[in-house]
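As a plain string of letters, each chain reads:
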Amino acid sequence: YPDYAYLIEYPIDLTTIKSRFENHFYRRITSAQFDVRYLATNAEKYNRSHTNIVKHARIITDLCLRVIR
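Here the structure is a predicted model, which means the values were calculated and not measured.

Undergrad: I keep staring at helix α3 (residues 29-46) and nothing clicks. Help me out?
TA: The first and last C-alpha atoms of α3 sit 26 Å apart over 18 residues, in line with the 26 Å expected at 1.5 Å per residue. Along α3, the sharpest kink reaches roughly 25°, centred on tyrosine 38. Those residues of α3 that sit buried are Ala32, Gln33, Asp35, Val36, Tyr38, Leu39, Ala40, Asn42 and Ala43. Contacts made by the buried residues of α3 are with α1 (4-7), α2 (14-22) and α4 (52-67).

Okay, structure coming up:
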């Protein structure tokens, strides 16, 4: 996906989020929630809205947000 970096202004993934938690990067819960929400936002921006990757990104985002509340 060579054009991904050109189209997505704030790339984020679960590995980065996990690493940030492990390294105590987040000072506020809202910062972590922001990153998690961008998982779905980026998937929706890069892919067609009714694809499985977008549906799965929404599910993962919802689950992660429930855990970190």
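Moving on, there is more to tell.
Undergrad: Could you clarify how one ought to interpret the packing of aromatic side chains in this entry?
TA: A ring pair, where both rings are aromatic, is described by two values, the distance of the centres and the angle of the planes. Tallying each qualifying case throughout the model produces 7 aromatic pairs. Through a chain of ring-to-ring contacts, three or more aromatic side chains come together here, namely Tyr1, Tyr4 and Tyr46. It is arginine 20 that lies over the ring of phenylalanine 25; its NZ or CZ is 4.5 Å from the centre.

Undergrad: Quick question: what am I supposed to make of α4 here?
TA: An α-helical turn contains 3.6 residues, so any two residues separated by three or four positions project in the same direction. Here α4 is 16 residues long and its end C-alpha atoms lie 23 Å apart, about the 22 Å a rise of 1.5 Å per residue gives. Among the residues of α4, Val54, Ala57, Thr61 and Leu65 are the ones counted as buried. Considered in projection along α4, the buried side chains sweep an arc of 60° and stay on one side of the axis. Facing away from the buried surface of α4 by more than 90 degrees, the exposed residues are Asn52, Arg66 and Val67. On its buried face, α4 sits against α3.

Undergrad: What's the story with the pattern of salt bridges in this structure? I'm lost.
TA: Between side chains of opposite charge, a pair can form when the charged atoms approach closely. Enumeration over the complete set of coordinates arrives at 4 salt bridges. We note a salt bridge from lysine 18 to glutamate 22, for which the minimum N-O separation is 3.0 Å. Within this pair, lysine 18 and its partner glutamate 22 are both found in helix α2, separated by 4 residues, close to a single helical turn.

Undergrad: What is the right way to read the nonpolar core from this model?
TA: General note: in soluble globular proteins, nonpolar side chains tend to be found buried as a group. Grouped together as the largest cluster of nonpolar side chains are 9 residues: Ile12, Ile17, Tyr26, Ala32, Val36, Tyr38, Leu39, Leu65 and Ile68. The greatest single-element share of this core, amounting to 4 residues, is contributed by α3. Apart from residues lying up to four places away in sequence, alanine 32 is in contact with Phe21, Tyr26 and Ile68.

Undergrad: Teacher, can you tell me more about the layout of surface pockets here?
TA: Any empty space left between atoms is shown by rolling a water-sized probe over those atoms. Of the voids in this model, the largest pocket is the one considered here, and its volume is about 330 Å³. What lines the largest pocket is a set of 14 residues, among which Tyr4, Ile12, Leu39, Ala43 and Ile53 lie closest to the centre. Looking at the lining of the largest pocket, the elements that each hand over two or more residues are α3 and α4. A per-class count over the lining of the largest pocket returns 10 nonpolar, 3 polar and 1 charged.

Cut-off values and rules
- Residues numbered from 1 in each chain as written.
- Predicted model: local features only at pLDDT ≥ 70, side-chain atom pairs only at ≥ 80, totals over all residues.
- Heavy atoms only, no water.
- Helix = DSSP H or I, 4+ residues; strand = E, 2+ residues; numbered from the N terminus.
- Expected span 1.5 Å × (residues − 1).
- Bend = angle between axes of the 7 residues up to and from the residue.
- Buried < 20%, exposed > 50% of the residue type's maximum accessible area, 1.4 Å probe, protein only.
- Contact = heavy atoms within 4.5 Å.
- Phe/Tyr/Trp six-rings, centres within 6.5 Å; stacked < 30°, edge-to-face > 60°.
- Lys NZ or Arg CZ within 6 Å of the ring centre and 35° of its normal.
- Arc of directions from axis to C-beta.
- Salt bridge = Lys/Arg side-chain N within 4 Å of Asp/Glu carboxyl O.
- Core = buried A, V, L, I, M, F, W, Y, C linked by side-chain atoms within 4.5 Å.
- 1 Å grid on protein atoms, 1.4 Å probe; cavity = no way out; pocket = protein on both sides within 12 Å on 5 of 7 lines; lining within 4 Å.
- Points joined across faces, edges and corners; volume = space filled by probe spheres on them.
- Nonpolar A, V, L, I, M, F, W, Y, C, P; charged D, E, K, R; others polar.

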